[in-house]
Amino acid sequence: MHHDQAHAVVARLLTDPAALATISARHGDPGSSSVDRSPQAALGEFAEVELAKLRLFQGFITKIKHNPLLPILPLTFKALRKFGVEIEFFARHSPIFLKAQTQGPLPLQTQMNLAADALRATFVDRSFHPYLCALLKHELTIWQVGQTTDTSFLPNRPASVRWRGKFVLQRYQFDIGSIDRFILEPGLGGCEPNPSPTTFAYWRPDIASSVSVFEVDDATALMLAFVDGARDLNAIRDCVLRTGLFAPTYEDIRAFFDDASCRGFVGFDAS
Amino acid sequence: MPAEAGATAVGIAHCAFAERLVIEQPGIVDYVEIPFEQLVHNPRSAELAARVPLILHCASLSMAGNVSPDRQLVESVHHWVRETKTPWIGEHLSYVRADGTWKEIAEHSALFMGGADQSPAGPFNVGYTVSPQYSYPVLDRVHEAWASFEREFGIPILLENGPIYFNMPGSTMSQSTFVTRLCEKSPKIGLLLDIAHLVITSENSGRDPYSLLDEFPLERVVEVHLSGTRREADFCWDDHSDRAPKIVFLLLERLLRRCRPRAITLEYNWDATFPRDILFQDLQRVRDILAGCFNAS
């Protein structure tokens, strides 16, 4: 094959996943008629095995273009590597990614959203998905809390309890710490992640850009869940009582939020 | 750049933590290799030159391709050559863009009919370096491009071997033969030997890495790249987010028994969270290998 034609064909196939899929399907279909197969002569020396390699190379290129996401989803990407599906994942993701960036490089948020959707779909396909979905959700939450600039925590009323920063609660069916350890262990052996429900709080103070993550018990999670910038202490207590799970007194609630205020999580004027 | 004749500098590829590293630990590296594309994206990266010498690397000249970089790109490279005071430019022996309007493309337009979308006639920009067809016409093209860019920029252009992941149709020689023939065409051509790429090529083609190394004109090697590799889907892949495997260091030692390059660059630049302790260990490992090869006498 002429060098310019070879370069152009490869460049076309690497930038057009649909074309690569079409050509690969024709190569792999022994029932194709001679008329259908005749155009393949133009690819001549490109055997089926080379087309499969090209598809993986396309995935590899897409993977490299996702390097900016590595610090944001470190363990999620390590999980792909651990299970030996990293290149395959990005090969599958290439059509969506390449189509999205036809007008130029994607903003990080857009690239992240597309990758997160693709990761969720990948994990759902596999037996290990429950804890990988939890891990992805955990890492995405850290990033989103760190990025957010919303002001939903601002008080509507002076007496309301409001966040002093961004605060998010997430409940998981797995112990995130055990997932971390499992992913970081070499090989596929070792202890499977522990299926024990946990609730994590993610907090970014007003004055800091870093996100703190800590595990909270059920009672704490319940009380914090009703902080919305509008409810005061009495309204929060009413909400907690309606759940039927705990029966705190007003003094219990007051002591809890005084402590949370001292720690810098919330602000309120209870005078 | 402490890389006079008879000395070898040890540096790193530019990464998210490069600036902090050279501020916090001056002298830990002799230079930082910085991509031209990084400078275009973030010109402030060049401020690093106040603290440590820079070497310019490039992946945009598409030297084996038939779509030359536009004038603006060439002038931008020239600008950064002056700004960084780089002793040379390392550029991939590859192509990035291909002219889809080339006449015979019409033949394979037929291939895509009725199935895939009809894409525009090009040029196609892969956005990544692709190892070219290894043939005499491409050899002539690369030589011409190399000579032209050396004249344009006034400094040496080192050619870097790429990793081979698939067989390019129409190749009539191996990569090592191609590089050897290229060096025979001009005694001035210098090489940037990426040992991880060489390992990848050897693994993916079932070749012995030591004999493959020996096939290259090692006396032309001016700079060396070291990085990680990783196996997946029965292939070996380039991986700058992992440390270089043992074979890379063994090949480095073998190379240093044959020649003395002026610079050895650790490319651990894909992951901003790459462990510093491993970077320091491998910088020391490179220095130990250099000392073992050149200080013993």
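Residues numbered from 1 in each chain as written. Chains lettered and ligands numbered in written order. Predicted model: local features only at pLDDT ≥ 70, side-chain atom pairs only at ≥ 80, totals over all residues.

(A) Looking closely at the overall build of chain A. Tallying secondary structure elements over chain A gives twelve helices and five strands in all. The buried share among the 271 residues of chain A stands at 35%. In chain A, 63% of the contacts between residues at least 6 apart in sequence involve partners at least 24 apart. (Helix = DSSP H or I, 4+ residues; strand = E, 2+ residues; numbered from the N terminus. Buried ≥ 20, exposed ≤ 12 C-beta atoms within 10 Å, placed from the backbone. Contact = placed C-beta atoms within 7 Å.)

(B) Looking closely at the overall build of chain B. Scanning chain B from terminus to terminus reveals ten helices and twelve strands. Relative to its full complement of 297 residues, chain B shows a buried share of 46%. Of the contacts made within chain B by residues no fewer than 6 positions apart, 74% connect residues no fewer than 24 positions apart.

(C) Inspection of the packing of helix 7 (residues 108-124) of chain A against helix 8 (residues 129-147) of chain A at higher detail. All names here are of chain A. Running from amino to carboxyl end, helix 7 crosses helix 8 at an angle of 160°, the nearest separation of the two axes being 8 Å. It follows from the interaxial angle that helix 7 and helix 8 lie roughly antiparallel. The way helix 7 lies across helix 8 gives a crossing that is left-handed. Judged by residue contacts, Ala-116, Leu-119, Arg-120, Phe-123 and Val-124 of helix 7 engage His-129, Leu-132, Cys-133, Leu-136 and Leu-140 from helix 8. (Axes fitted to C-alpha atoms, helices over the stretch in contact; angles between N-to-C directions. Parallel < 35°, antiparallel > 145°, perpendicular 65-115°, else oblique. Left-handed = near helix turned anticlockwise from the far one by under 90°.)

(D) Fine view of the sheet that holds strand 7 (residues 157-160) of chain B. Residue and element names in this part refer to chain B. Within the closed barrel, the eight strands sit side by side as 1-2-3-4-7-8-9-12. Their pairing is parallel. Strand after strand, the sheet turns through a mean of 30° between neighbouring axes, direction not considered. Relative to strand 8 (residues 190-194), strand 7 runs parallel, the two being bridged by three bridges. For Glu-160, the partnering residue across the bridge sits in strand 8 and is Leu-192. Across the sheet, helix 3 (residues 71-84) lies against strand 2 (31-35), strand 3 (54-58) and strand 4 (89-92), angled at about 165° from strand 3, the strand it touches most. (Pairing = 2+ DSSP bridges.)

(E) Local environment of unusual backbone geometry. Residues and elements named next belong to chain B. Backbone geometry at Ser-62 places phi at a positive 50°, although glycine is not the residue there. The residue Ser-62 is located in the loop between strand 3 and helix 3 in this model. Since 26 C-beta atoms lie within 10 Å of it, Ser-62 is described here as buried. Despite not being glycine, Lys-85 shows a phi value in the positive range, around 55°. The exposure class assigned to Lys-85 is partly exposed, which follows from the 13 C-beta atoms found within 10 Å.

(F) Geometry of helix 5 (residues 136-153) of chain B. The end-to-end C-alpha separation of helix 5 of chain B is 26 Å, in line with the 26 Å expected for 18 residues at 1.5 Å each. Among the residues making up helix 5 of chain B, those that are buried are Val-138, Leu-139, Val-142, Ala-145, Trp-146 and Phe-149 of chain B. Along the axis of helix 5 of chain B, the buried positions cluster into a sector of 130°, meaning they face one direction only. In helix 5 of chain B, the exposed residues that point more than 90 degrees away from the buried face are Tyr-136, Asp-140, Glu-144 and Arg-151 of chain B. Where helix 5 of chain B is buried, its residues contact helix 1 (3-15) of chain A together with strand 7 and helix 6 (175-185) of chain B. Phi for Gly-154 of chain B, located one or two positions after helix 5 of chain B, is positive at around 75°. (Expected span 1.5 Å × (residues − 1). Arc of directions from axis to C-beta.)

(G) Focus on the sheet that holds strand 4 (residues 212-216) of chain A. All names here are of chain A. As summarised here, the arrangement of the three strands in space is 2-3-4, forming an open sheet in which the pairing is antiparallel. Each edge of the sheet is formed by a strand with only one pairing partner; in this case those strands are strand 2 (165-172) and strand 4. Taken pair by pair, the neighbouring strands of this sheet meet at an average axis angle of 25°, ignoring direction. Against the sheet, helix 10 (residues 218-225) touches strand 2, strand 3 (198-205) and strand 4, its axis set at about 130° to strand 2.

(H) Looking closely at the environment of Pro-261 of chain B. Residues and elements named next belong to chain B. With respect to the helices and strands, the residue Pro-261 is situated in the loop between helix 9 (246-256) and strand 12 (263-266). You can call Pro-261 buried: it has 24 C-beta atoms within 10 Å. For the pair Pro-261 and Thr-129, spaced 132 residues apart in sequence, the C-alpha separation works out to 24 Å.

(I) Region of interest: the confidence of the model for chain A. When pLDDT is averaged along chain A, the result is 84, and 85% of the positions lie at 70 or above. Every residue in residues 31-39 of chain A scores below 50 in pLDDT, and together they form five contacts with partners more than four places removed in sequence or on other chains. (pLDDT = per-residue confidence, 0-100.)

(J) Fine view of the nonpolar core. Ranked by internal contacts, the top residues of the largest apolar core, which has 140 residues, are Val-10 of chain A together with Val-142, Leu-193, Ile-195 and Leu-226 of chain B. Per element, the largest residue contribution to this core is eight residues, and it comes from helix 8 of chain A. Of the domains in this structure, domain 1 (3-30 + 38-126) and domain 2 (145-267) of chain A are the two that each give at least three residues to this core. (Core = buried A, V, L, I, M, F, W, Y, C linked by C-beta atoms within 7 Å. Domains from an automatic or database assignment.)

(K) Layout of the confidence of the model for chain B. All names here are of chain B. Averaged over chain B, the pLDDT score is 91; the fraction of residues at 70 or greater is 90%. Residue range residues 102-119 is modelled with pLDDT below 50. Its contacts to residues more than four positions away, or to other chains, number 28 contacts. Reported confidence for the predicted complex is 0.91 by ipTM and 0.89 by pTM.

(L) Inspection of the packing of helix 5 of chain B against helix 6 of chain B at higher detail. Residue and element names in this part refer to chain B. Between helix 5 and helix 6, whose axes approach to 10 Å, the crossing angle comes to 50°. Our classification of the angle between helix 5 and helix 6 gives oblique. Handedness of the helix 5/helix 6 crossing: right-handed. Seen from helix 5, the contacting residues are Leu-139, Val-142 and His-143; seen from helix 6, they are Phe-178, Arg-181, Leu-182 and Lys-185. For the contact of helix 5 with helix 6, the residue count by class is four nonpolar, one polar and two charged. (Nonpolar A, V, L, I, M, F, W, Y, C, P; charged D, E, K, R; others polar.)

(M) Highlighting helix 9 of chain B. Residue and element names in this part refer to chain B. All buried positions along helix 9 are accounted for by Val-248, Leu-251, Leu-252, Leu-255 and Leu-256. Buried residues in helix 9, looked at end-on, bunch into an arc of 135°, giving them a common side. In this structure, the buried side of helix 9 is in contact with strand 8, helix 7 (195-205), helix 8 (209-215), strand 9 (221-226) and helix 10 (276-294).

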